[in-house]
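# Reading the structure
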Amino acid sequence: MKLRRNVYGNTDSGEDLYYRFRHTYQGPHERLSDFVRRLEDLLQQVVRKEGIPTKHIDSVRLDQILRGTREDGLMLWRLQLRERAPNPPPFHSLIREIREEEDRFSLADAVVPPKKESRSPYASPVVVVRKKSGKVRMCVDYRTLNRRT
C-alpha cells in the first residue's frame, strides 16, 4: 500500500482527503509546529486533488489549527490567531510565529529547580515572570525577607 502511494500518489479523492484533514488533531505530546507541518502536508494533498479551491487555503488552514490544537500553554497565541481569522497569515509566517512562541514557552519551562532547598530564614525564592512584551525575566521575591526584618 505504501509503495503504491509512493509510485502513484494518494488514491483518495479530494473529498476524502478534506474529511481526513478536518478530523486531524494534535497528539498528546506533539509540538504545535509538528502538528501544523502535518496539517500542511495533508492540506497540500487536498489542494492537489481539488478538494478545496486554492484561494481558501489560508483560512481553511487557520480554522483547522484552531479546531485541532490542544487546550494548553499556547492559549494566548491561539486567541491572537483567532482575532486574525478574517485575514489569515500564509503558512511560512504562521510556522515562524509558532516556533517563536514555542521557544518562548519552553524558556519559561526551562527553570532548573535548586538541588537543595535552603532552610535559611532569610532565603528568598527566585521567580520567573513573563513581561508584557512576552520575554521572560528572573525576579527575587523579597516579601518573606521584608516581613522578617
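Residues numbered from 1 in each chain as written. Predicted model: local features only at pLDDT ≥ 70, side-chain atom pairs only at ≥ 80, totals over all residues. Heavy atoms only, no water.

## Focus: the nonpolar core
Rule in force here: Residues enter a nonpolar core if they are buried and are Ala, Val, Leu, Ile, Met, Phe, Trp, Tyr or Cys, with the set joined through side-chain atoms within 4.5 Å. Burial classes follow relative accessibility: with a 1.4 Å probe on protein chains only, a residue under 20% of its type's maximum area counts as buried, one over 50% as exposed, and anything between as partly exposed. Runs of E in the DSSP output that reach at least two residues are strands. Runs of H or I that reach at least four are helices, and both are numbered from the N terminus. Note on contacts: a residue pair qualifies if any of its non-hydrogen atoms lie within 4.5 Å across the two residues.
Phe21, Val36, Leu43 and Ile52 are the most contacted members of the largest nonpolar core, which has 18 residues in total. Within the residue set of this core, elements represented by two or more residues are helix 2 (14–22), helix 3 (32–48), helix 4 (57–68) and helix 6 (91–109). Looking at this core element by element, the count peaks at eight residues for helix 3. Contacts of Leu43, omitting those with residues within four sequence positions, involve Phe21, Ile52, Ile57, Val60 and Arg61.

## Here we look at the environment of Gln44
On the secondary structure map, Gln44 appears in helix 3. With 13 residues separating them along the chain, Gln44 and Ile57 place their C-alpha atoms 8.8 Å apart.

## Remarks on the packing of helix 2 against helix 4
So the rule is basically this: The angle between two axes is taken between their N-to-C directions and runs from 0 to 180 degrees, where each axis is a line fitted to C-alpha atoms and a helix contributes only its stretch in contact. Any angle between 65 and 115 degrees counts as roughly perpendicular, while under 35 counts as roughly parallel, over 145 as roughly antiparallel, and the rest as oblique. All residues other than Ala, Val, Leu, Ile, Met, Phe, Trp, Tyr, Cys, Pro, Asp, Glu, Lys and Arg, Gly among them, are scored as polar; the first ten of these are nonpolar and the last four charged.
Where helix 2 meets helix 4, the axes come as close as 10 Å, and the angle between the chain directions of the two elements is 40°. The pairing of helix 2 with helix 4 is recorded here as oblique in orientation. Residues Tyr18, Phe21 and Arg22 of helix 2 lie in contact with helix 4, whose contacting residues are Val60, Arg61, Asp63, Gln64 and Arg67. Looking at the contact of helix 2 with helix 4 residue by residue, the classes come out as three nonpolar, one polar and four charged.

## As for the pattern of salt bridges
Let me state the cut-off plainly: The working definition used for a salt bridge is a side-chain nitrogen of Lys or Arg within 4 Å of a carboxyl oxygen of Asp or Glu.
Per the stated rule, a full pass over the model turns up six salt bridges. Of the charged contacts, one joins Asp63 and Arg22 as a salt bridge, the two residues approaching to 2.7 Å between their closest N and O atoms. On the criterion of sequence distance, the pair formed by Asp63 in helix 4 and Arg22 in helix 2 is long-range, its members being 41 residues apart. Of the charged contacts, one joins Arg38 and Glu30 as a salt bridge, the two residues approaching to 2.9 Å between their closest N and O atoms. Note on Glu30: relative accessible area 17%, which makes it buried. Where salt bridges share partners, they join Glu40, Asp58 and Arg61 into one cluster.

## Some remarks on helix 4
Let me state the cut-off plainly: One fewer than the residue count of a helix, multiplied by 1.5 Å, yields its expected span.
For helix 4, which comprises 12 residues, the first-to-last C-alpha distance of 16 Å matches the rise-based estimate of 16 Å (1.5 Å per residue) to within 8%. Taken together, the buried positions of helix 4 are Ile57, Val60, Arg61, Leu62, Gln64, Ile65, Leu66 and Gly68.

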